[in-house]
Amino acid sequence: MILSVVSDVCLRLTRFLTTKEKFHEFLASARPRASRDEADGDPEEPSGEPEQKRVKLDRDAEQKKKKMRGQNKSRPHIKPQSYEERRLCPSIVQERDTECVYGEKCRFLHDVSEYMCSKAADLGDQCYLFSSFGWCQYGVTCRFSRAHTSPELKNLRNEELCRRSTDTVSNHLDKDLQRRLRKKQQRFPGAEAYLKTVSRGEKSTHTSHAAGDAANGPETVDFRDKLYLAPLTTCGNLPFRRVCKRFGADITCGEMAMVTNLLQGQASEWALLKRHASEDLFGVQLEGCFPDTMTRCAELLNQNIDVDFVDINSGCPIDLVYKKGGGCGLMTRTSKFEQIVRGMNSVLDVPLTVKIRTGVQQNCSIAHKLIPEMKKWGVSLVTLHGRSREQRYTKSADWEYIDTCSKLAAPVPLFGNGDILTYEDAMKARETGVSGIMVARGALIKPWLFTEIKENRHWDISSGERLDILRDFTNYGLEHWGSDTQGVEKTRSFLLEWLSFLCRYIPVGLLERVPQKINERPPFYMGRDYMESLMASQHVDDWIRISEMLLGPVPKNFSFLPKHKANAY
């Protein structure tokens with residue numbers, strides 16, 4: 001086999017294997033336009049491909065490189081609204097009867113004709129929002145507006161479809177609640193009562209809501225034998241979760257939300273709590289490191305949103321969280337951890353779950369010591385990622401250790417997490433004592449993994465089927481983030497983040513040995529058709545090309561670099 005650096009990934013026919021140069025030459029041969037580098041005259045754009053070895057310049061440069069591994073921390077941050085030079089006033093877009101409250105001081109356009117002269121061209125004749133709900137709230141600013149605007153530029157409605165459609169998303173931030181939070185007028189009687197007991201040295205006796213505890217009545221949730229889509233920062237957004245629900249995910253959870261931001265009423269943080277109607281078993285994950293803020297936030301959410309469980313993130317490895325004592329840091333602060341769990345349990349009417357790692361240091365696992373204590377504190381479910389904080393994703397998950405911990409957790413259910421990419425991986429995981437399986441990177445690489453696990457088979461999915469999945473995601477994105485320029489570009493940015501993982505998938509039909517392993521870097525190979533080859537590219541420009549097939553051309557000042565480096569396998 002060629003390309004020995006690729007571990008032992010084996011393609012069925014040598015004709016599929018190729019070199020990096022020939023691979024990119026093949027993709028470039030069918031490009032409808034010049035590459036972005038040539039068109040813009042910019043220096044070479046960063047790609048997701050592994051860089052060639054460079055000469056070590058000095059110790060400082062080496063330290064900086066080591067510090068930034070895994071994440072592109074200096075990536076450009078361009079807000080989606082900056083892609084539109086002149087924006088129309090919301091009062092005009094929504095066709096309100098009243099005049100704009102800002103009057104002459106309003107910084108937006110009020111002349112629709114003037115706006116239409118500078119508006120970017122429509123992306124198509126069909127608007128997904130109008131076709132699905134009978135009305136598009138973005139009116140003339142929609143990038144598919146000709147599907148629902150009259151010659152007089154008025155927004156049209158399909159009244160019959162409007163009557164049949166219902167709001168499919170819940171857990172919105174109420175404006176009055178946001179105002180109270182910002183002015184610190186929101187009261188937390190349950191949290192305050194608990195915090196007084198802590199100051200007096202007492203302990204809450206609140207019990208868990210785990211399945212099988214009959215004393216808790218209808219509040220129990222049966223987690224066992226289910227497939228759990230992990231809460232994934234950035235990529236685990238609502239449109240992506242909808243895709244995974246279609247393929248068979250049983251449990252979904254919102255992205256990690258910071259409790260301090262939620263308590264301040266930040267709309268962007270509250271957006272992480274939104275729930276789609278298809279998410280029948282849904283939870284939210286909270287990150288914090290102090291009993292007072294965590295307990296207050298739990299009480300706040302218990303009163304204002306609809307969830308089936310609340311999860312504590314005590315497994316996040318990133319420095320920003322860990323150095324403040326949150327994420328993995330909680331595992332070494334057991335006294336505070338206990339106060340947080342007992343406090344949150346005292347104010348919640350739904351189960352409280354916890355996600356942890358094996359420990360902080362690579363050769364010093366502590367989860368087995370912590371789990372028996374968490375049972376006493378009242379957790380309803382423990383999810384264990386089979387790696388330490390130091391390991392991140394560079395080593396294989398330790399499923400033997402997960403098995404040991406599952407026995408210690410009983411009768412509290414314990415879910416295992418780590419390296420699940422195929423149904424064989426899931427079968428091996430189920431041979432341990434775990435109550436269920438959490439899937440993270442595997443779902444990003446192939447969201448149809450849930451179907452494969454439930455049907456015990458490999459799915460040799462075609463490039464056309466994979467493109468249809470991306471098209472569904474973009475439609476869900478336009479519904480969630482909007483179909484105006486701002487929404488289109490926000491959808492594109494999340495699509496591109498996802499494509500940085502999707503490119504790692506090797507089609508089953510090309511493999512000599514199945515299954516593919518999650519930490520194996522794919523070699524350069526030609527697909528069975530051009531689209532399959534394009535989807536295998538780890539170059540940012542090719543991800544952008546795929547996005548343009550679904551969302552039209554990118555704006556002139558567009559720039560993108562993925563949050564996670566593609567070589568952080």
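These figures come from a predicted structure and were not determined experimentally.

K.L.:
Please explain the state of the cysteines as it appears in this structure.
P.N.:
Where two cysteines share a covalent bond between their sulfur atoms, that bond is called a disulfide. Under the criterion given, the structure shown has zero disulfides. You can see Cys106 has no disulfide; the closest cysteine sulfur is in Cys100, sitting 3.8 Å from it.

K.L.:
Hey, could you run me through the environment of Asp319 in this one?
P.N.:
The topology assignment puts Asp319 in helix H14 (residues 319-322). It is 9.8 Å that separates the C-alpha atoms of Asp319 and Gly329, two residues lying ten residues apart in sequence. Discounting chain neighbours no more than four positions away, the residues touching Asp319 are Arg389 and Arg392.

K.L.:
In this structure, what is going on with the packing of aromatic side chains? I would like to understand it.
P.N.:
What characterises a pair of aromatic rings is the spacing of the ring centres plus the angle enclosed by the ring planes. Counted by the stated rule, this structure contains eleven aromatic pairs. Here the aromatic rings of Phe247 and Trp459 are separated by 6.0 Å at their centres, their planes lie at 65°, and the arrangement is edge-to-face. Taken together, the residues Phe247 in the loop between helix H10 (238-246) and strand E3 (252-253) and Trp459 in the loop between helix H20 (449-455) and helix H21 (463-481) connect sequence positions 212 residues apart. Judged by its relative accessible area of 9%, Phe247 is buried. An aromatic cluster of at least three residues, connected via ring pairs, comprises Phe223, Tyr228, Phe309 and Phe415. Positioned over the ring face of Tyr322 is Arg389, at 3.9 Å from the centre of the ring.

K.L.:
How should the pairing of strand E11 (residues 436-439) be read in this particular structure?
P.N.:
One face of the sheet, then the other: side chains in a regular strand alternate in exactly this way. Judged by which residues are buried, E11 turns out to be covered on both faces: Gly436 and Met438 on one side and Ile437 and Val439 on the other are all buried. Bridging between strand E2 (residues 227-229) and E11 involves three bridges; their strand directions are parallel. Within E11, the position partnered with Leu227 by the bridge is Ile437. The pairing of strand E10 (residues 414-417) with E11 spans three bridges and is classified as parallel. Paired with Phe415 across the two strands is Gly436, which belongs to E11. Traced from E10 through helix H18 (residues 423-430) to E11, the parallel crossover comes out right-handed.

K.L.:
What exactly am I supposed to notice about the nonpolar core here?
P.N.:
Generally speaking, nonpolar side chains in soluble globular proteins are found buried as a group. The biggest cluster of nonpolar side chains holds 139 residues, and the ones touching the most others in it are Trp270, Ile312, Met344, Met374, Leu470 and Trp498. Examining the composition of this core, we find that eight residues originate from one element, helix H22 (residues 485-502), more than from any other. Sequence-distant contacts of Trp498, defined by excluding residues within four places in its chain, comprise Cys235, Phe240, Val243, Ala443, Leu444, Pro447, Ile469, Leu470 and Phe473. Within the second largest apolar cluster, five residues are counted, among which are Val93, Leu109, Tyr115 and Val140.

K.L.:
Before we go on, may I ask you to explain the side chain of Thr197 in this structure?
P.N.:
Turning to its location among the elements, Thr197 is positioned in helix H9 (residues 189-199). Here Tyr194 takes part through its backbone oxygen, which lies 2.4 Å from a polar atom of the side chain of Thr197.

K.L.:
I would appreciate a short explanation of the UniProt feature "domain: C3H1-type" (unreviewed entry) in the protein in the present structure.
P.N.:
Here the UniProt-annotated "domain: C3H1-type" (unreviewed entry) positions come out as residues 83-113 and 126-151. The distance from the first to the last C-alpha atom of residues 83-113 is 19 Å, and the span holds 19% helix and 0% strand. For residues 126-151, the helix share is 23%, the strand share is 0%, and the end-to-end C-alpha distance is 16 Å.

K.L.:
Would you mind going over the pairing of strand E7 (residues 309-314) with me for this structure?
P.N.:
E7 sits mainly inside the fold: six of its six residues count as buried. Of the two faces of E7, the one lined by Phe309, Asp311 and Asn313 and the one lined by Val310, Ile312 and Ser314 are each fully buried. Pairing geometry for strand E6 (residues 282-287) and E7, over four bridges, is parallel. The residue of E7 that forms the bridge with Gln285 is Asp311. Handedness of the crossover is the feature at issue here: the chain leaves E6, passes through helix H13 (residues 291-304), returns alongside E7, and the resulting connection is right-handed. As paired elements, E7 and strand E8 (residues 352-357) share five bridges and run parallel to each other.

Here is what the cut-offs are and how they apply
- Residues numbered from 1 in each chain as written.
- Predicted model: local features only at pLDDT ≥ 70, side-chain atom pairs only at ≥ 80, totals over all residues.
- Heavy atoms only, no water.
- Disulfide = S-S within 2.5 Å.
- Helix = DSSP H or I, 4+ residues; strand = E, 2+ residues; numbered from the N terminus.
- Contact = heavy atoms within 4.5 Å.
- Phe/Tyr/Trp six-rings, centres within 6.5 Å; stacked < 30°, edge-to-face > 60°.
- Buried < 20%, exposed > 50% of the residue type's maximum accessible area, 1.4 Å probe, protein only.
- Lys NZ or Arg CZ within 6 Å of the ring centre and 35° of its normal.
- Pairing = 2+ DSSP bridges.
- Right-handed = clockwise from strand over helix to strand, strands pointing away.
- Core = buried A, V, L, I, M, F, W, Y, C linked by side-chain atoms within 4.5 Å.
- Polar contact = N/O pair within 3.5 Å; in protein donor to acceptor, adjacent residues only side chain to side chain.
- UniProt positions renumbered as here; feature names shortened; annotations may be inferred.

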